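# Observations on chain architecture
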Amino acid sequence: MTGTADVGVDRDSDESGSAVPPAPGNESDDGPEHGPTPEVSLIKDPTIKTPTPEKTPEPVERPLVPVQPVQREYHDPLDDAPHLDVDEPLLAARAHRPSDLIRFLAGVLGIVAVFVLAGIATSTTTGIEQDIATNAPHFSAVLSTITGLVSSVAVLAVPLAFAVERLIKRDGLRVADGVLASVLAYGVSLGIDWWVAEGASEHIQVALTRLPLDSNGTLTDPVHGYLAPVIAYMTAVGMSSRPRWRVALWVVVVFSGVTELLGGYTTPLSLLLTVLIGWSVAYGTLYAIGSPNIRPTGQHLMIGLRKVGFTPDGAHRAPDAPGGTRRYYVTQQDGPPLDVHIIDREQQASGFFYRAWRRLRLRSVAVRRSPQSLRQALEQEALIAYAAAASGARAPQLVATSELGPDAAILVYENVEGRTLDELADEEVTDEVMASLWQSVAALHERRIAHRRLTGESLLVVDGKTACLVNLSGGDIAATDLTLRIDVAQLLTTFALRIGPERAVATANAVVGADRVAQALPLLQPVGMSRSTRIDLAKLTKERKAAARARALEQVAAGERTQQQAEEDIAAAGEDLLSRIRGQILQIAPEAPMEPARLERLKPKTLIMVIALTFAAYLALTTIKPAQLKLSQMNWAWAAAALLAAAFSYVAAAMSLTGFVPERLPFRRTVAAQLAGSFVKLVAPAAIGGIALNTRYLQKAGIRPGQAVASVGASQLAGLAGHLLLLFSFGLITGSQTNGDLSASRAVIIGVLTAAVLALVVAAVAPLRRFVLGRLRSLFFGVVPRMLDLMQTPSKLFTGFGGILLLTLSFTACLDFSVQAFGGDVSFSAVAVVFLTANAAGSAIPTPGGIGPVEVALIGALLAADVPPAVATPAVFLYRALTFWLPVLPGWISYNVLQRKHAL
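This text gives an overview of the structure that appears in the document. Note that the coordinates shown come from a computational prediction; the quantities given were computed from them, not determined experimentally.

### Let's talk about the overall build of the chain
Each helix and strand in the chain was counted, giving 32 helices and 13 strands. Scored against the burial criterion, the 904 residues of the chain give a buried share of 46%. Taking as baseline every contact in the chain between residues at least 6 positions apart, the subset at least 24 positions apart corresponds to 75%. Of the roughly 44400 Å² of accessible surface on the chain, 62% is carried by carbon and sulfur atoms.

### So, the sheet that holds strand E12 (residues 459-461)
Taking strand neighbours across the sheet as the criterion, the three strands line up as E11-E12-E13 in an open arrangement whose pairing is antiparallel. With partners counted over all chains shown, the strands left at the sheet margins are strand E11 (419-420) and strand E13 (467-469), one partner each. In terms of strand pairing, E12 meets E13 through three bridges, oriented antiparallel. Bridged to Leu459 within E13 is Leu469. Strands E12 and E13 of the sheet are contacted by helix H13 (residues 431-446), whose axis makes an angle of about 35 degrees with E13.

### Some details on unusual backbone geometry
One non-glycine residue with positive phi stands out, namely Arg448, at about 60 degrees. Unlike most non-glycine residues, Asn471 shows phi in positive territory, near 55 degrees. Tracing the backbone through its elements, the reader meets Asn471 in the loop between E13 and helix H14 (481-499). Since its relative accessible area comes to 13%, Asn471 is described here as buried.

### With respect to a nonpolar patch on the surface
There is a patch of nonpolar side chains on the surface, built from Val108, Val112, Val116 and Ile120 and spanning about 340 Å² of accessible area. On the secondary structure map, Val116 appears in helix H2 (residues 98-120).

### Regarding the pattern of salt bridges
Within this structure, the stated rule accounts for 10 salt bridges. A salt bridge links Asp100 to Arg103; the shortest N-O distance between them is 3.8 Å. Separated by three residues within a single helix, Asp100 and Arg103 lie in helix H2, roughly one turn from each other. You can call Asp100 buried: its relative accessible area is 3%. Linking Glu446 and Arg516 is a salt bridge whose minimum nitrogen-to-oxygen distance equals 3.4 Å.

### Describing the sheet that holds strand E9 (residues 398-403)
As summarised here, the arrangement of the six strands in space is E3-E6-E7-E8-E10-E9, forming an open sheet in which the pairing is mixed. Each of the sheet's edge strands pairs with one partner strand only, and the pair in question is strand E3 (85-87) and E9. For this sheet, the mean angle separating the axes of adjacent strands, direction not counted, is 20 degrees. When E9 meets strand E10 (residues 408-414), the two strands line up antiparallel, connected through five bridges. Bridge assignment links Glu403 to a residue of E10, and that residue is Ala409. Taken strand by strand, helix H10 (residues 298-307) contacts E3, strand E6 (312-321), strand E7 (325-332), strand E8 (338-344) and E10, and its axis lies near 120 degrees from that of E6. Helix-sheet contacts for helix H12 (residues 374-391) involve E8, E9 and E10, and the interaxial angle to E10 is about 10 degrees.

### Let's talk about the nonpolar core
Core analysis: the largest hydrophobic core is formed by 53 residues, its most contacted members being Trp438, Leu459, Leu492, Phe495, Ile581 and Ile585. Looking at this core, the elements with two or more residues in it are H12, H13, E12, E13, H14, helix H15 (501-512), helix H16 (514-519) and helix H19 (577-588). Looking at this core, the element that brings in the most residues is H14, giving nine residues. Leave out the neighbours within four places in its chain, and Phe495 touches Leu421, Met434, Leu437, Trp438, Leu459, Gly500 and Ala504. Core analysis: the next-biggest nonpolar cluster, separate from the first, contains 33 residues, Val826, Ala838, Ala861 and Ala875 among them.

### Some points on the environment of Ser818
If you trace the backbone, Ser818 turns up in helix H28 (residues 794-821). With 57 residues separating them in the primary sequence, Ser818 and Ala875 have C-alpha atoms 5.0 Å apart.

### With respect to the packing of aromatic side chains
In the structure shown here, the tally under the stated rule is six aromatic pairs. Arranged with centres 5.3 Å apart and planes meeting at 85 degrees, the rings of Phe115 and Trp195 form a pair that is edge-to-face. Note that Phe115 is positioned in helix H2 and Trp195 in helix H5 (residues 172-198), a separation of 80 residues in sequence. According to the relative accessible area criterion, Phe115 is buried, its value standing at 16%. A relative accessible area of 35% places Trp195 in the partly exposed class. Note that Arg317 overlies the ring of Tyr328, its terminal NZ or CZ placed 5.6 Å from the centroid. Positioned over the ring face of Phe884 is Arg880, at 4.8 Å from the centre of the ring.

### Notes on helix H31 (residues 869-885)
Taking 1.5 Å of rise per residue, 17 residues should cover 24 Å, and H31 covers 22 Å from first to last C-alpha, within 8% of that figure. Among the 17 residues that make up H31, 14 are buried, leaving the element largely enclosed by the rest of the structure.

Procedures and definitions
- Residues numbered from 1 in each chain as written.
- Predicted model: local features only at pLDDT ≥ 70, side-chain atom pairs only at ≥ 80, totals over all residues.
- Heavy atoms only, no water.
- Helix = DSSP H or I, 4+ residues; strand = E, 2+ residues; numbered from the N terminus.
- Buried < 20%, exposed > 50% of the residue type's maximum accessible area, 1.4 Å probe, protein only.
- Contact = heavy atoms within 4.5 Å.
- Areas by Shrake-Rupley, 256 points an atom, 1.4 Å probe, with all protein chains shown as cover.
- Pairing = 2+ DSSP bridges.
- Axes fitted to C-alpha atoms, helices over the stretch in contact; angles between N-to-C directions.
- Patch = residues over 30% accessible without salt bridge, like charges linked within 9 Å, V, L, I, M, F, W, Y side chains within 5 Å.
- Salt bridge = Lys/Arg side-chain N within 4 Å of Asp/Glu carboxyl O.
- Core = buried A, V, L, I, M, F, W, Y, C linked by side-chain atoms within 4.5 Å.
- Phe/Tyr/Trp six-rings, centres within 6.5 Å; stacked < 30°, edge-to-face > 60°.
- Lys NZ or Arg CZ within 6 Å of the ring centre and 35° of its normal.
- Expected span 1.5 Å × (residues − 1).

The structure is reproduced here in structure tokens:
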């Protein structure tokens, strides 16, 4: 049974359903009158007649079969049809539409582009304004006056008339949305006017303002204070279904703008900025508060089914299909049950940003282009369904399609009873079930059809032995070899997540053959899998490692296994599932290609590198200014000494790392790795970025992951202990040098006591105590045994602790020499206290590289140490330039060189 029909739903109702559209033959742009009950209209046959309003029949009991109405009076189909039970949750009164967010972001980008254009294209904008000023006198002055007066009145009168009409039609909710958007647009306009007048560059002021010929020296406003609210209002009230009102309002807006432009009261960029502000604020408001929900309900669905020849008796909501598609199970009076999918226009915009990122990151062959319209989505899913049925694959039969109003459509499938793979217990995932699914996939692939969504929710088990494929809406016709191989890799991973890689690979080999399974090996990459599969893979690896770690802790404590054996068990448990699947494939096909396929067009690390370099250039230009450095007053000898101290810090950092690694590391490469860390700090807090990079470096050097993490952890713990010890020591030295004034040492003692109080609080609060003890158990499991191994080689410990001491002294010397370079006079111990306290306090705020907080903390600490502001500020900027900004370019070079050598 097939068929199509259109069910009209008014898109402008403020109810969760929809309102009655105008009666046939009386369509107007002023929309329907909204009643208290949501109503639905069918697109009628013009030959059908309705009764006249003067001869309304007396109310009678309505039969189950709809009475054929007589012409001239409109009847709602819900009044003529019997009531049908639909079990579904109430739709939300308002919906936050992704399309509104996309339009808002597009408008914001447009506003930014206007300001950029105003700042750089000064000749172009000035030339356009001069051309307009030259040709403006050719227009009649009387005509200009009349058009200006008419447009000024009309641009306010038309929105007011529309608001009155909407209130009469009881659609005040949309009017309230428009009023809110107009108020916000007016506030934004005032803010931009103030910024352009007070803080913008001269080029932007020239491009957005001008001096009218008849003015008294007052510049025009950059944003029209009345046009922006009007545009925001007309956009927010949603006039797309009222073309006459929309055209009238846009005509008067354009008319008013042209009049202002010819009269010399605005500029072209100012008009464009006004339109973009009104448009952006409107859609931002609609997304924030939500738009009236116009999605069709279950009752509208029942009417649509009747129009294509079905006899629905009742329906209830089923779990949504992937992509947010609503599903209903429908029973019929004289027919089999149906599985109905509703797709709507707003659904096409959901997931836009994720799809855009995947399309940017992956090659086009790996990402199917999403439908751009409701009609394309309907045709795409229908084509896939019919092609799958023709291929012989087990899949639900598509029996009808229909549009359900202007913003929705339905696809009617035969209902297949069963449970998805996600709903089955592990023991129910039998070889017969998997073989049945592999046969269906093989049938699709024979016809070059790719499913592209072979996850557990798309695999329906019917009777414990056979299964069928559902959710084919994301599939491809005439798919490429790469796309078909991705399908095989995805299904292998889906089964392996449930029953292990051994059975998953064996079943696939038995059904589709070793050659096809082997061809999927290069595609076994997380980036090629679906989002849910990537999440499941990461979760499985994390759970396996946690279970192995807990088991190893118990076995080591019981003396059943040694520390080294436990670490090997943890490393083996950390092997990801895809690697285990590859191993199984190689057992059945040793000649399978091992080189991973190139699915990525843009790798995340490349994107991060570009962003980091751009961020560094911007911050360097805006943070470090020659006037703040006071280069003319700087002692270059002290500055050179500060540069040497900053360079030596990388040698000290390499010593502190190698000293806590029993294995031998190439020292020059370790120094290069520490230099590469200066580049990583641009996109991550210093401590986090350094830990991650050092751990990666040790793993690439051949050290097992558990031991690499333990070595870096031991280095960090020793560094923390050394930091506190040096702070306490230099604090006492500074206090003893101040002629009995022990304020510095008292501050250190207060800090130590504060730490002790915090430790007592943690010990007293049970949740905090459990959290800390859990962390400490993990710490002692890795770090303490590593330290015991190091104690067998005292030279290593000497190198490690010596590197920590030299690292702190290097930074302190760099700061001290920077102060000396600008004529400061302060003791080395005082500078050490300043560095140890201020650097720790600034780094506590997790900004990339501590940018901002570190500078503020260091300057404040130097001022507290009686260093003049004229010395403290340039000294801190010189110190940060030498220790943070200058090493960025060498760090980037080291990072790339080490990556090419597979050392990172």
